[in-house]
Amino acid sequence: MVIFRNVSEIKEKLRRPVVTIGNFDGVHLGHREIFRRVRELARELGGVSVVITFAPHPLKVLAAHKEVRLITTCREKEALIEGSGIDYLLEIPFDRTFAAMPATEFLQRVLVDAIGLERLVIGYDYAFGRGREGDVKLLRELGTRFGYSVEELQPISDGATVYSSTAVRRLVSAGDVAAASQLLGRHFSITGKVVHGHERGRGLGFPTANIDTDKDLIPSVGVYAVKVCLGDRLFDGACNIGPNPTFGNARLSIEVFLLDFEGDLYGREITLFFIERLRGEKRFAGLDELKQAIAADVARCREILREARPVASESGGDWDCMTAPAKDTP
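Draft legend 1. Quick look at helix α6 (residues 136-146). Among the residues making up α6, those that are buried are V136, L138, L139, L142 and G143. Buried positions in α6, seen along its axis, are confined to an arc of 155 degrees and lie on one side of it. Among the exposed residues of α6, those pointing more than 90 degrees away from its buried face are K137, T144 and R145. As for α6, its buried residues are in contact with α5 (103-115), β5 (119-122) and β6 (149-152).

Draft legend 2. Quick look at unusual backbone geometry. Between A55 and P56 the backbone carries a cis peptide bond, its omega angle lying at 0 degrees. By secondary structure assignment, the location of P56 is in the loop between β3 (49-55) and α2 (58-62). Positive phi, normally seen in glycine, also occurs at F24, with a value near 55 degrees. Along the polypeptide, F24 turns up in the loop between β2 (18-21) and α1 (29-45).

Draft legend 3. Region of interest: the sheet that holds strand β11 (residues 253-258). Judged by pairing direction, the barrel is antiparallel, and its six strands sit side by side in the order β7-β8-β11-β10-β9-β12 before closing back on the first. Mean inter-strand twist for the sheet, computed between neighbouring axes without regard to direction, equals 45 degrees. Inspection of the sheet shows strand β10 (residues 233-242) paired to β11 by six bridges, in the antiparallel sense. Bridged to G237 within β11 is L258. Set on the sheet, helix α8 (residues 177-184) makes contact with β9 (222-230) and β12 (269-279); between it and β12 the angle comes to about 120 degrees.

Draft legend 4. Main features of the layout of surface pockets. The calculated volume of the largest pocket comes to roughly 1,100 Å³. Lining the largest pocket are 39 residues, and of these G22, N23, Y126, A127 and R132 lie nearest its centre. Of all the elements in the fold, those that place two or more residues in the lining of the largest pocket are α1, α2, α4 (96-99) and α7 (165-173). Residue composition of the lining of the largest pocket, by class: 21 nonpolar, 13 polar and five charged.

Draft legend 5. Expanded view of the sheet that holds β5. Taken together, six strands build an open sheet; the order of strands is β1-β4-β3-β2-β5-β6 and the sheet is parallel. The open sheet has two edge strands, β1 (2-4) and β6, and neither has a second partner. The sheet shows a mean angle of 25 degrees between the axes of neighbouring strands, taken without regard to direction. Across six bridges, β3 lies against strand β4 (residues 88-93) in parallel orientation.

Draft legend 6. Representation of the pattern of salt bridges within the structure. If you walk through the whole model with that rule in mind, you get 17 salt bridges. Its salt-bridge partner being E78, residue R5 comes within 2.6 Å of it at the nearest N-O pair. Here E78 lies in helix α3 (residues 74-83) and R5 lies in the loop between β1 and β2, a separation of 73 residues in the sequence. Among the residues examined, E78 registers a relative accessible area of 13% and is labelled buried. Put simply, R69 and E67 hold a salt bridge, and the shortest N to O gap is 2.7 Å.

Draft legend 7. A look at the confidence of the model for the protein chain. Residues of the protein chain with pLDDT of at least 70 account for 87%, and the chain-wide mean is 87. Here helix α9 (residues 200-204) is the element of the protein chain with the lowest mean pLDDT, 51, and β1 is the one with the highest, 98. Taken as a whole, residues 322-327 scores under 50 in pLDDT and shows 15 contacts with residues more than four places along the chain or in a different chain.

Draft legend 8. Broad picture of the pairing of β6. In this sheet, β6 lies alongside β5 in parallel orientation, the contact comprising four bridges. The residue of β6 that forms the bridge with V121 is E151. Remark: the β5/α6/β6 crossover connection has right-handed handedness.

Draft legend 9. Layout of the pairing of β12. Where strand β7 (residues 189-195) lies against β12, five bridges are found, and the strand directions are antiparallel. Among the inter-strand pairings, G192 is bridged to a residue of β12, identified as I270. Alignment of β9 against β12, held across eight bridges, turns out to be antiparallel. By the bridge assignment for β12, Y224 is matched with R277.

What counts as what
Residues numbered from 1 in each chain as written. Predicted model: local features only at pLDDT ≥ 70, side-chain atom pairs only at ≥ 80, totals over all residues. Heavy atoms only, no water. Buried < 20%, exposed > 50% of the residue type's maximum accessible area, 1.4 Å probe, protein only. Helix = DSSP H or I, 4+ residues; strand = E, 2+ residues; numbered from the N terminus. Arc of directions from axis to C-beta. Contact = heavy atoms within 4.5 Å. Pairing = 2+ DSSP bridges. Axes fitted to C-alpha atoms, helices over the stretch in contact; angles between N-to-C directions. 1 Å grid on protein atoms, 1.4 Å probe; cavity = no way out; pocket = protein on both sides within 12 Å on 5 of 7 lines; lining within 4 Å. Points joined across faces, edges and corners; volume = space filled by probe spheres on them. Nonpolar A, V, L, I, M, F, W, Y, C, P; charged D, E, K, R; others polar. Salt bridge = Lys/Arg side-chain N within 4 Å of Asp/Glu carboxyl O. pLDDT = per-residue confidence, 0-100. Right-handed = clockwise from strand over helix to strand, strands pointing away.

Structure (structure tokens):
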């Protein structure tokens, strides 16, 4: 996949491009269905598939007073879009000046003049441009003028729940990572570097790796069964998210105990895939009670992970590091 990080990097019009536009945070199953349709139309035309998105996410600029927790980092989103079989990704720098651009100007300058748009695929009720004026009605009117067609996809769901980034954020924030995986089409993941912590786990007999991550969205406090990607190897793990109330800590930490692993993890990058939440975080009366609880959690994690399978098993699994995501079927 070729990535353009600015419109100015596009030196000539693309070959019969089929384009979709959106924020695509999470790259969930609804987004992947849009990408599938874009690829399908591109094949029919003998053209290329193009995704246009924005960096940073518009809510980070237009709603800076609100806390916006994104599902994916920029690096993760790029890898997942590439894994969806897209030919070109255009990441447009987003600021208030760009936000004030009229939809007609954006469409002509970017989609028509720079890219050479032939077909546009948009999700249900999508709009862009100043005041969200670039709705499907305007896009179709401009299509007649500029010579492209528009296809609006209806809401995409599993029959009960419409796939949406908002729904994924709500589930992950509540700790329901198993339900979130059904909307994402893969297990929610966090990638980070192993850093030094309090090293209390080692004294308890369960040495944990403390994770430093730039991920916005973190599951709610508690204990989780996780799969851990370390280099090209995959381990089972037990992860605790929280302030460690037994020790009176105030700062949230992400710690993972890799089952059946020996070695030094400091400074290494690892990815945690969240399979299931076991329980919330508790304050224990003492170290003996805490040890017993951790031992029980580890035993339960072994049971859960023994039966765990990748959500996207038909496409080769979703337990690779984000640099090599599971690919959708072309």
